[in-house]
Amino acid sequence: LTQKDNYWYLFTSHGNCCEGLNTNYYVNVFRAESPFGPYFGEDGKPMLGSGLGTNVIRNSASFVGCGHNAVTTDDNGDFWLIYHGYDVNKPGTIAGGTNRRALCVDKLYWTDGWPHTKNYEASYTETECPYIQSGEHMKRFLTATLAAVMVLTMAGCGGSANATYMNPVFSPVF
């Protein structure tokens, strides 16, 4: 749950997270004028009804199964999505047979008040990194990263999910 301007945004993961390269997992978002809701997607459908929300990130040619997310800001006020995904170019498996997951961080862009990653996909090449100098933003960034890792680890996915197997896509410069 994060606030921007006059709205509260609730990021949700949908689909099946644990089918390796065949997963259809993705992140959507709902927003409300109060942190207590009610939350709606861009199409006006309520979260507590038939609404699926507004897409933030989906499968691409490089990453599938993007989800188990957290959102934070950097010292520039930019918003960042922290999540995991299966790197289709590194399909090796870990204990339990599932593909290893990469811990990913992508900048969120805003269109008409709705957040999304660039092209609604995970970045795969060098990209902009969060600008973090203050201790407060470092704390927020690390807390959000830990939250994304813990959700991934607790999800289990057949007992094969473990944060020690994640491979960060980038190394931020602090």
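In this report, we go over the structure that sits alongside the text.

Conventions we followed
- Residues numbered from 1 in each chain as written.
- Predicted model: local features only at pLDDT ≥ 70, side-chain atom pairs only at ≥ 80, totals over all residues.
- Heavy atoms only, no water.
- Phe/Tyr/Trp six-rings, centres within 6.5 Å; stacked < 30°, edge-to-face > 60°.
- Helix = DSSP H or I, 4+ residues; strand = E, 2+ residues; numbered from the N terminus.
- Buried < 20%, exposed > 50% of the residue type's maximum accessible area, 1.4 Å probe, protein only.
- Lys NZ or Arg CZ within 6 Å of the ring centre and 35° of its normal.
- Pairing = 2+ DSSP bridges.
- Axes fitted to C-alpha atoms, helices over the stretch in contact; angles between N-to-C directions.
- Polar contact = N/O pair within 3.5 Å; in protein donor to acceptor, adjacent residues only side chain to side chain.
- Contact = heavy atoms within 4.5 Å.

## Quick notes on the packing of aromatic side chains
Inference 1: Summed over all chains, the structure comprises five aromatic pairs.
Inference 2: Between Tyr-9 and Trp-114, the ring centres sit 6.3 Å apart and the planes meet at 90°, which makes this aromatic pair edge-to-face. Here Tyr-9, found in strand S2 (residues 7-14), pairs with Trp-114, found in strand S9 (residues 114-116); they are 105 residues apart in sequence, far enough to count as distant.
Inference 3: In this structure Trp-114 comes out as buried when scored by relative accessible area, which is 6%.
Inference 4: Centre to centre, the rings of Phe-79 and Trp-110 are 5.3 Å apart; their planes meet at 70°, and the pair counts as edge-to-face. With a gap of 31 residues between them, Phe-79 in strand S6 (residues 79-87) and Trp-110 in strand S8 (residues 109-111) connect regions that are remote in the sequence.
Inference 5: In this structure an aromatic cluster arises from ring pairing among Tyr-7, Tyr-9, Phe-79, Trp-110 and Trp-114.
Inference 6: The ring of Trp-110 has Lys-4 sitting right over it, with the charged end atom 5.0 Å from the ring centre.
Inference 7: Taking the ring centre of Tyr-7 as reference, the NZ or CZ of Arg-31 above it sits at 3.8 Å.

## Some words on the sheet that holds strand S7 (residues 101-107)
Paired through their backbone hydrogen bonds, the strands of a sheet run either parallel or antiparallel.
Inference 1: Read across the sheet, three strands follow the order S5-S6-S7 without closing on themselves; strand pairing throughout is antiparallel. Only two strands of the sheet have a single partner each, and these edge strands are strand S5 (63-73) and S7. Within this sheet the neighbouring strands show an average axis-to-axis angle of 25°, counted without direction.
Inference 2: When S5 meets S6, the two strands line up antiparallel, connected through seven bridges. Among the inter-strand pairings, Phe-63 is bridged to a residue of S6, identified as Asp-87.

## Quick notes on the side chain of Asn-69
Inference 1: By secondary structure assignment, the location of Asn-69 is in strand S5.
Inference 2: A relative accessible area of 17% means that Asn-69 is categorised as buried.
Inference 3: In terms of polar contacts, Asn-69 uses its side chain to reach the side chain of Ser-13, at 3.1 Å.
Inference 4: Setting aside anything within four residues of it in sequence, one finds Asn-69 in contact with Phe-11, Thr-12, Ser-13, Val-27, Leu-81, Ile-82 and Tyr-83.

## Some points on the sheet that holds strand S1 (residues 2-4)
Inference 1: Spatial ordering of the open sheet is given by S1-S2-S3-S4, a layout of four strands whose pairing is antiparallel. Bordering the open sheet on either side are S1 and strand S4 (54-57), each of which pairs with just one other strand. Between one strand axis and the next, the sheet turns through 40° on average, direction left out of account.
Inference 2: Pairing between strand S3 (residues 26-32) and S4: three bridges, direction antiparallel. Its bridge partner lying in S4, Asn-28 is registered against Asn-55.

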